[in-house]
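Each chain is listed here by its residues.
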Amino acid sequence: MSKVLMKGNEAIAEAAIRGGCKFFFGYPITPQNELPEYMSRELPKHGGVFLQAESEVAAINMVYGAAGAGGRVMTSSSSPGIALKQEGISYIAGANLPAVIVNIVRGGPGLGGIQPAQSDYNQVTRGGGDGDYKMPVFVPANLQEMVDIMMEAFDIADYYRNPVMVVGDGMIGQMMEPIEFKKPVPRELPVKDWITTGTKGERKPNIINSLFLEASDLENHNLEAQEKYAEMVKNETRVENYNMEKPELVLTAYGTTSRICKNVIAEFKKEGIEIGLIRPITVWPFPHKAFEDIPESAKGILVVEMSQGQMIDDVKIANNGRLPIGFHGRSGGMIPDPQDIILKVREMLGGVK
Amino acid sequence: MAIVYDKSKGLTDVELHFCPGCTHGTVHKLVAEVLVELDVLEKSVGVAPVGCSALSYDYFNCDMQQASHGRAPAVATGIKRVNPELVVWTYQGDGDLASIGTAEIIHVAHRGEKITTIFINNAIYGMTGGQMAPTTLIGQKTTTTQDGRTVEHSGKPLKMAEMLATIDGAKFVERVSVDTPTNIRKAKKAIRKAFELQLSGKGFGIVEVLSTCPTNWALTPRDSLQWLRDNMMPYYPLGNFRTPEEDE
Amino acid sequence: MINEKVICAGFGGQGVMKMGQIITYSGMMENKHVSWLPSYGPEMRGGTANCAVMLSDTPIGSPVITYDATAVIVMNLPSLVKFEENAAPGSKILVNSSLIDQKVSREDVEAYYIPCNEVALELGNAKVANMVMLGAYLQLANPVKIETVFKAMVKVFGEKKAKFMPMNEEAIKRGMEIIKEQVK
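Since the model is a prediction, treat every value here as computed from it, not as a measurement. (Residues numbered from 1 in each chain as written. Chains lettered and ligands numbered in written order. Predicted model: local features only at pLDDT ≥ 70, side-chain atom pairs only at ≥ 80, totals over all residues. Heavy atoms only, no water.)

**Student:** Any chance you could explain the interface of chain A and chain B here in plain terms?
**Tutor:** One widely used convention gives an interface's size as the accessible area the parts lose upon coming together. On the side of chain B, 33 residues touch chain A, which itself brings 35 residues to the contact. Around 2,500 Å² of area is buried between chain A and chain B when both sides are counted, 60% of it from carbon and sulfur atoms. A per-residue breakdown of the area chain A buries against chain B is headed by Glu54(A), Thr196(A) and Ile207(A), which together make up 19% of the total. Where chain A packs against chain B, one counts three salt bridges. At the boundary of chain A and chain B, one finds 16 residue pairs in polar contact (both at pLDDT 80 or more). (Contact = heavy atoms within 4.5 Å. Buried area = accessible area lost by both parts, 1.4 Å probe. Salt bridge = Lys/Arg side-chain N within 4 Å of Asp/Glu carboxyl O. Polar contact = N/O pair within 3.5 Å; in protein donor to acceptor, adjacent residues only side chain to side chain.)

Structure (structure tokens):
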């Protein structure tokens, strides 16, 4: 299959359709509008349904209903819209339903801005909604990886009966790169015998629910979920270790920011200085082992984010006090400048201040 | 011995948790009977909301989904859009439908979503302990209007049926009551029509049912029925506000 | 080794986004690594528009151009003012002299002045000013074969606009000739 040049948001939509998405419920918000627009045009051609909801809250609850009815369903939004969807995401997780949520992150808090940001890290990895739930959160760094993950996302959601979030920033959503749509490795998916299709007089009623008034019932429900999350940690943790053979310092960054870090690494290579990169592809589950495996050569870790420092907390947990940790972050839509990162690296290596 | 009365097959054997004298049980029975009589129980999916009817997923003998507060119409939309051949309905109280879920109910009507809504108006929040609802009457005492609701502070009660009837996609809108055997029969007829509308695929149907809440009204079941007649009916007149025939 | 980092800037309607997309698409067709990154938001409605194009033999890291552009193409004055500083030392700045009467202030770059709008009008279609500029850029940087550009153009504009292709090709060729004359 040949490559095509597509805008990020449209590529995500096309990959979702090829990944088996049949239902889309959403509400307009910049910078992800090309995604629902593409869906409104293309999904009906594939026998699917696109519906523009009255709000983000309604959209995620339509997703909840559709998932309960067995539909392969998704929604997309951007940061403040995702905040509105958190209630529904918690219900979807609580009722063990599969669904895919795309978040094209913009700067916050509040209405914030519309430029690229990574300040939703806490919102997407720490629940956001109520309760002890988790969901795989993918943070691809380029359009090919984004498309690969989108084509797999619906299978992952169905496999675990769990919501899956795919996160890009405004830059990923707006940029164009060549992509190739490749079928993911098929997974053996469980039969959906729990969905609301009407009993047809053949079985007991199916009930989609997250309400457990008995404390012990709710605790058991949560314990079962924990087993599922443990499986996800084991099977779905993804990371790229880049130039990690003998680094003097390790950068860690995800998404767009990791690409800037790779430029920085190339610059240092010219001077004969080896800098490594740990690039989480999932931020939940977080790739703890990559940090345990940092070679002895490394003098420290520099966390680079398009936020005032959110992933850094997970890095500290993974590092467990072993190496000094530095931070360079820009926010509000400002993009880290490679020169600033270079200066910070030199500072940590004990060179130029 | 001849059986003269049997519980509807539309209900499970789970014992209802509703307070003595509450009319939820009556409305549950009517919905269940209609689903059986229309022979759609086996292809119906109900959406239970938050509030006193939160547990109705245990009572109805069909597929059910529990929804968050106010969102039942959106959840029902999702279900119906996946399987248009299903009979999808919501069962919502006044806190759920007339307060936190106004956007969702207006927009299922706006889209003419082919679902059916049973709306229980008892002028109060029941489950949370008797707080003011948008439907609470002027002068009515609740735990959050302890000297009685005033127009100045909270405005006048919302008339949902009248409001929804102004929306084109709402093709059947009727307000009924379950205070007397006659009114119960009329209520059942309206509920049946609302489901028939869904089967005809013409649009959204809603039946507003005036109901009692003896516990939070602090009245006996009998006095509650009288209070409903004396206070609710004058402000919330019974009757049909919209039928599909009007549009033909 | 090709490692092009091009900024295309102008006002909305001048076709700077399409210009960038054609370069990007051509690069992809020749199996180069490419990326196209637009500005977005309120400014895209009538205000300034710009995109960053990368075209390279090696994988592309950040799609953002900071102060390392190999070419800066400006179609109006605000764009020259805004993006002049992003040109790397020794790189090229291509100025649409039909709309910009100012000169490039930096002395460590190569400046070229192309009267894109006048040439487009001579050709009979004011809309192809961007294609004149594209031709100038292609002649100077030579990142892809011209035949590839003509093929990419059809993809970017869509089959429906195929009838405009001869005019576009003509404009690109004119742009190339202008540079050939200038660097003689």
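**Student:** What is the right way to read the packing of helix 9 (residues 255-270) of chain A against helix 12 (residues 338-348) of chain A from this model?
**Tutor:** Any two packed helices are characterised by the angle at which their axes cross and by the distance between the axes. Residue and element names in this part refer to chain A. Remark: helix 9 packs on helix 12, axes separated minimally by 9 Å, with the N-to-C direction vectors making an angle of 60 degrees. Relative to helix 12, the element helix 9 lies oblique. Helix 9 and helix 12 meet at a crossing whose hand is right-handed. In this structure, helix 9 contributes Ile260, Val264, Glu267 and Phe268 to the contact, and helix 12 contributes Pro338, Ile341, Ile342, Val345 and Arg346. In terms of residue class, the contact of helix 9 with helix 12 is made up of seven nonpolar, no polar and two charged. (Axes fitted to C-alpha atoms, helices over the stretch in contact; angles between N-to-C directions. Helix = DSSP H or I, 4+ residues; strand = E, 2+ residues; numbered from the N terminus. Parallel < 35°, antiparallel > 145°, perpendicular 65-115°, else oblique. Left-handed = near helix turned anticlockwise from the far one by under 90°. Nonpolar A, V, L, I, M, F, W, Y, C, P; charged D, E, K, R; others polar.)

**Student:** How should the interface of chain A and chain C be read in this particular structure?
**Tutor:** On the chain C side, the residues contacting the 21 residues of chain A number 19 residues. Around 1,700 Å² of area is buried between chain A and chain C when both sides are counted, 70% of it from carbon and sulfur atoms. The largest per-residue losses of area from chain A upon contact with chain C belong to Leu5(A), Met176(A) and Arg259(A), which jointly make up 31% of the total buried on that side. The tally of links between chain A and chain C comes to zero salt bridges. When contributions to the side of chain A that touches chain C are tallied by element, the ones reaching two or more residues are strand 1 (4-7), helix 7 (170-174), strand 8 (176-179) and helix 9 of chain A. When its residues are assigned to classes, the side of chain A that touches chain C shows 12 nonpolar, four polar and five charged.

**Student:** How should I be thinking about the nonpolar core in this particular structure?
**Tutor:** It is characteristic of soluble globular proteins that their nonpolar side chains tend to be buried jointly. With 142 residues, the main nonpolar core has Met39(A), Met74(A) and Met150(A) as its most contacted residues. When residues of this core are assigned to their parent elements, the largest contribution, 11 residues, is made by helix 6 (residues 143-160) of chain A. Split by domain, the residues of this core number at least three in each of domain 1 (4-236) and domain 2 (240-348) of chain A. Not counting chain neighbours up to four residues away, the residues in contact with Met74(A) comprise Ala16(A), Cys21(A), Phe23(A), Phe24(A), Phe25(A), Leu35(A), Met39(A), Val63(A), Val100(A), Val102(A), Met150(A) and Phe154(A). Counting 47 residues, the second largest nonpolar core, distinct from the first, contains Val16(C), Tyr25(C), Ala171(C) and Ile179(C). (Core = buried A, V, L, I, M, F, W, Y, C linked by side-chain atoms within 4.5 Å. Buried < 20%, exposed > 50% of the residue type's maximum accessible area, 1.4 Å probe, protein only. Domains from an automatic or database assignment.)

**Student:** Is there a simple way to think about the layout of surface pockets in this case?
**Tutor:** To find leftover empty space, one rolls a probe the size of a water molecule over the atoms. The calculated volume of the largest pocket comes to roughly 1,200 Å³. Lining of the largest pocket is provided by 42 residues; of these, Asn263(A), Thr58(C), Pro59(C), Ile60(C) and Gly61(C) occupy positions nearest its centre. The element contributing the most residues to the lining of the largest pocket is helix 9 of chain A, with nine residues. A class-by-class count of the residues in the lining of the largest pocket yields 15 nonpolar, 13 polar and 14 charged. Lining the lining of the largest pocket are residues from two domains, each supplying at least three of them: domain 1 (4-236) and domain 2 (240-348) of chain A. Computed from the structure, the second largest pocket encloses a volume of approximately 840 Å³. (1 Å grid on protein atoms, 1.4 Å probe; cavity = no way out; pocket = protein on both sides within 12 Å on 5 of 7 lines; lining within 4 Å. Points joined across faces, edges and corners; volume = space filled by probe spheres on them.)

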